[in-house]
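The residues making up each chain are set out below.
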Amino acid sequence: MIDTRFMPPEPSAACVFDDSLWPLLLIRLEGPLSPRQFEEMLETRERYLLRGERHLTLVDRVRGTVPPAPQRKLQDDWMARHETLLRERLLGIAYAFDTRLLRWMLNLGFRLKPPPFPYYTAPRLEQAAAWAAHRFEKEGMGEAAGRVRQRFALSPGRSP
């Protein structure tokens, strides 16, 4: 039997969806997600797509880890199944990854198989939020852009 009193605790993983700035959907991912947590994240993401509303997603994976290959495959399959909905309803995704490897992997993957939506990767959440606000402006959604700028304390007109 292993004595767990002297073992460090497992890092906790979290996936939080915040739609308080809708049509901006903020997804915060911290730590490695279990296979079940990852599936639940995709199921929740699907529910937002099925709402039928155009929106933009901001993924905060600061302090994130590289997802294991089975999860990357699951995500690729999910994107392929939902390609039409993603094209119609997703104005774009802005990713905030503080890990250069994560940004590199995502950009490489999207170069090999371009997604059906615009995307942006940044090392900081504020940079990703600035891109999101700029996308809203380009889509004629100035009110949404203003709420994003206010929440993230961005100056008007600032774009990456």
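Keep in mind it's a predicted model, so treat the numbers as computed, not measured.

J.: Honestly, the packing of helix α1 (residues 35-49) against helix α2 (residues 69-81) in this entry has me stumped. Any pointers?
T.: Describing two packed helices takes the angle between their axes plus the distance from one axis to the other. Running from amino to carboxyl end, α1 crosses α2 at an angle of 20°, the nearest separation of the two axes being 11 Å. Classified by the angle their axes make, α1 and α2 are roughly parallel. α2 is crossed by α1, and the crossing has right-handed handedness. Contacts from P35, F38, E39, M41, L42, R45, E46 and L49 in α1 reach Q71, L74, Q75 and W78 in α2. The class makeup of the residues in the contact of α1 with α2 is seven nonpolar, two polar and three charged.

J.: Where do I start with the environment of Y120 in this structure?
T.: Summarising the element assignment, Y120 is placed in strand β5 (residues 119-122). For the pair formed by Y120 and N107, sequence separation is 13 residues and the distance between their alpha carbons is 8.8 Å.

J.: Help me out: how do you make sense of the pattern of salt bridges in this one?
T.: Between side chains of opposite charge, pairing is possible as soon as their charged atoms come close. Per the stated rule, a full pass over the model turns up 14 salt bridges. A salt bridge links R36 to E40; the shortest N-O distance between them is 3.4 Å. In this pair, R36 and E40 are both assigned in helix α1, four residues apart and thus about one turn of the helix distant. R54 is paired through a salt bridge with E139; the nearest N and O atoms lie 3.0 Å apart. Note that R54 is positioned in the loop between α1 and β3 (55-60) and E139 in the loop between α5 (125-138) and α6 (142-151), a separation of 85 residues in sequence. Judged by its relative accessible area of 42%, R54 is partly exposed.

J.: What am I meant to see in the environment of R89 here?
T.: Examined against the element boundaries, R89 turns out to sit in helix α3 (residues 83-89). R89 sits in the buried class, given a relative accessible area of 18%. C-alpha of R89 to C-alpha of Y48: the two residues are 41 residues apart in sequence and 9.7 Å apart in space.

J.: So what exactly am I meant to see when it comes to the packing of aromatic side chains here?
T.: The geometry of an aromatic ring pair comes down to the distance between the two centres and the angle between the two planes. By the definition in use, this model includes seven aromatic pairs. Seen from their ring centres, F110 and F117 are 6.2 Å apart, and the 85° between their planes marks the pair as edge-to-face. An identical accessibility class is assigned to F110 and F117; each is buried. An aromatic cluster is present here, built from Y95, F97, F110, F117 and Y119 joined pairwise through their rings. Geometry around W22 places R51 over its ring, the cationic atom sitting 4.3 Å from the centre.

J.: Would you take a moment to explain the pairing of β5 for this structure?
T.: Note that strand β4 (residues 90-96) and β5 share four bridges and pair parallel. Looking at β5, one finds that A96 is bridged to A122. Handedness of the crossover is the feature at issue here: the chain leaves β4, passes through helix α4 (residues 100-112), returns alongside β5, and the resulting connection is right-handed.

About the criteria used
Residues numbered from 1 in each chain as written. Predicted model: local features only at pLDDT ≥ 70, side-chain atom pairs only at ≥ 80, totals over all residues. Heavy atoms only, no water. Axes fitted to C-alpha atoms, helices over the stretch in contact; angles between N-to-C directions. Helix = DSSP H or I, 4+ residues; strand = E, 2+ residues; numbered from the N terminus. Parallel < 35°, antiparallel > 145°, perpendicular 65-115°, else oblique. Left-handed = near helix turned anticlockwise from the far one by under 90°. Contact = heavy atoms within 4.5 Å. Nonpolar A, V, L, I, M, F, W, Y, C, P; charged D, E, K, R; others polar. Salt bridge = Lys/Arg side-chain N within 4 Å of Asp/Glu carboxyl O. Buried < 20%, exposed > 50% of the residue type's maximum accessible area, 1.4 Å probe, protein only. Phe/Tyr/Trp six-rings, centres within 6.5 Å; stacked < 30°, edge-to-face > 60°. Lys NZ or Arg CZ within 6 Å of the ring centre and 35° of its normal. Pairing = 2+ DSSP bridges. Right-handed = clockwise from strand over helix to strand, strands pointing away.

Everything listed here is a matter of coordinates, which is why it stays silent on function.
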